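A look at the structure
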Amino acid sequence: MTYCDRCGDEGVHEACAQARALEPPRYCRHCRRRLKVQVVPSGWSATCVEHGAIDG
Amino acid sequence: MASILDHARITVLEQGVGLTQAGILEVLQLPDDEIEAALQLAHEVRMRWCGPEVEVEGIVSLKTGGCPEDCHFCSQSGLFSSPVRSVWLDIPSLVEAAKQTAATGASEFCIVAAVRGPDAKLMKQMRDGVAAIKAAVDINVAASLGMLTQEQVDDLVSMGVHRYNHNLETCQSYFPNVVSTHTWEERWTTLKMVRESGMEVCCGGIIGLGETLEQRAEFAAQLAQLQPHEVPLNFLNPRPGTPLGDRPVMDPKDALRAIAAFRLALPKTILRYAGGREITLGDLGTRDGLLGGINAVIVGNYLTTLGRPATADLELLQELKMPVKALSATL
Ligand code: SF4
Ligand SMILES: [Zn+2]
Ligand SMILES: [Zn+2]
């Protein structure tokens, strides 16, 4: 099972994928937990408490 | 009868006096085929009263999410089911963000926290963070930490914070539709304290929150009354889970009318393109805005969403022959 990293629902969503161009991920794809996300001017970092750092 | 743009050419362009609320409304109501003329006039006004320089700024969130306030557009309120989690930025990462911002040629770095107002922990983090930035990077430091007490205003001045951002967000009459946990007047009180402290006042808001054109004109007129040093202009980027999450993105033509109208209301103010420009106006919108009265940009990412790459904006400025305002010019 994988989850959408924007809305947290199951599956892959075209609209979410498009929105992600201007947003960092918010949910872990593996466990749908909310990520701890830090946006900085030149990038972002995101971590799941269970699955660790998420790559771009 | 002379049109509003003919009138503005005399009062705003030649005399440097902003339009009244009624005039602003007329600009917001211009037919589509007059938008270009309005932007052209707004550009002339900006060139005449502000010059060709563009002020470049980077912003970073020192404390993200978990805010006790309920601003209906904001993904950082802890009162909505927004996916944004609470997180703090450490000081080495804050300094690194300031360095990266300075490397783009930016003269401004604004530290933002999602709070009603600062507590002792945040003020300490600010004191340490601003000192660390000043020791490592040549850049003006600004802050946006919500509502302040007089003591906190004085503390920020002593840290060397040169500009304070506190947005009124929308006009006084529409504000209760957008925020219920504090009032527009409370925000105004902080702004007055900031003004009296000698810090530069940065105050703008978000358009496209559901306000009428009359209320949008009211907002521009209220900003003109405040006369901030800088006005950041955001366009609603509807955030999932917030009460305004299902609102449509603004019509790009209305966004362009608003840019022209705000410049004609505020001929001498730094008018900054802030959040929502990418989603509202697309890539071409940045050019239209910079040729329509905008003379400042936030480059790179925003607080919880991403912007277009700083290089794209910097290349555009070069192409438009608009120099980036140098740090020395702001001191
Ligand atoms: S006070 Fe600021 S961070 Fe808090 S909900 Fe309002 S806009 Fe968001
Ligand atoms: Zn989705
Ligand atoms: Zn996970």
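Residues numbered from 1 in each chain as written. Chains lettered and ligands numbered in written order. Predicted model: local features only at pLDDT ≥ 70, side-chain atom pairs only at ≥ 80, totals over all residues. Heavy atoms only, no water.

Focus: the side chain of Glu 23 of chain A
So the rule is basically this: Helix and strand assignments follow DSSP, with helices taken as H or I runs no shorter than four residues and strands as E runs no shorter than two, numbered in order from the N terminus. Polar contact criterion, stated in full: a pair of N or O atoms within 3.5 Å, where within protein one must be able to donate a hydrogen and the other to accept it, and residues adjacent in sequence count only if both atoms are side-chain atoms. Residue contacts are defined here by distance: any two heavy atoms, one from each residue, within 4.5 Å place the two residues in contact.
Here Glu 23 of chain A shows up in the loop between α1 (14–19) and β1 (36–40). Of the polar contacts made by the side chain of Glu 23 of chain A, one reaches the side chain of Arg 6 of chain A; its length is 2.7 Å. Among residues more than four places away in sequence, those in contact with Glu 23 of chain A are Arg 6 of chain A together with Arg 239, Thr 305 and Leu 306 of chain B.

A few points about the packing of aromatic side chains
Residues and elements named next belong to chain B. Where we set the bar: For this analysis, a ring pair means two rings from Phe, Tyr or Trp (six-membered ring only for Trp) whose centres lie within 6.5 Å, classed as stacked if their planes differ by under 30 degrees, edge-to-face if by over 60, and tilted for the remaining angles. Buried means the residue's accessible area, taken with a 1.4 Å probe over protein chains only, is under 20% of the maximum for its type, while exposed means over 50%, and partly exposed covers the values in between. Two conditions define a charge located above a ring, namely a distance within 6 Å from the ring centre to NZ of Lys or CZ of Arg, and an angle within 35 degrees of the ring normal.
One pass over the structure, following the stated rule, counts three aromatic pairs over all chains. Seen from their ring centres, Phe 219 and Phe 262 are 6.0 Å apart, and the 65° between their planes marks the pair as edge-to-face. Placement of the pair is Phe 219 in helix α9 (residues 213–226) and Phe 262 in helix α10 (residues 252–265), with a sequence separation of 43 residues. One exposure class covers both Phe 219 and Phe 262, and it is buried. Centre to centre, the rings of Phe 235 and Tyr 273 are 6.3 Å apart; their planes meet at 65°, and the pair counts as edge-to-face. Taken together, the positions of Phe 235 in strand β8 (residues 230–235) and Tyr 273 in strand β9 (residues 270–273) put the pair 38 residues apart, joining distant regions of the chain. Taken individually, Phe 235 and Tyr 273 each receive the classification buried, so the pair is uniform in this respect. Above the face of the Trp 88 ring, Lys 121 is positioned so that its terminal group lies 4.0 Å from the ring centre.

Section: the packing of α10 of chain B against helix α11 (residues 277–290) of chain B
In helix packing, the relevant descriptors are the interaxial angle and the interaxial distance, both defined with respect to the helix axes. All names here are of chain B. For clarity, the threshold we go by: Note on geometry: axes are lines fitted to C-alpha atoms, helical ones only across the stretch in contact, with angles between N-to-C directions running from 0 to 180 degrees. To sort the angles, those under 35 degrees are grouped as roughly parallel, those over 145 as roughly antiparallel, those from 65 to 115 as roughly perpendicular, and the leftovers as oblique. In a left-handed crossing the near helix is turned counterclockwise from the far helix by less than a right angle, and in a right-handed crossing that turn is clockwise. Under the convention adopted here, Pro, Cys and the residues Ala, Val, Leu, Ile, Met, Phe, Trp and Tyr are nonpolar, Asp, Glu, Lys and Arg are charged, and Gly plus all remaining residues are polar.
In the contact formed by α10 and α11, the axes pass within 11 Å of each other and the chain directions differ by 25°. Between α10 and α11, the angle falls in the class roughly parallel. Seen from above, α10 lies across α11 with right-handed handedness. Residue-level contacts link Pro 252, Ala 255, Leu 256 and Ile 259 of α10 to Thr 280, Leu 281, Asp 288 and Gly 289 of α11. Residues that form the contact of α10 with α11 fall into these classes: five nonpolar, two polar and one charged.

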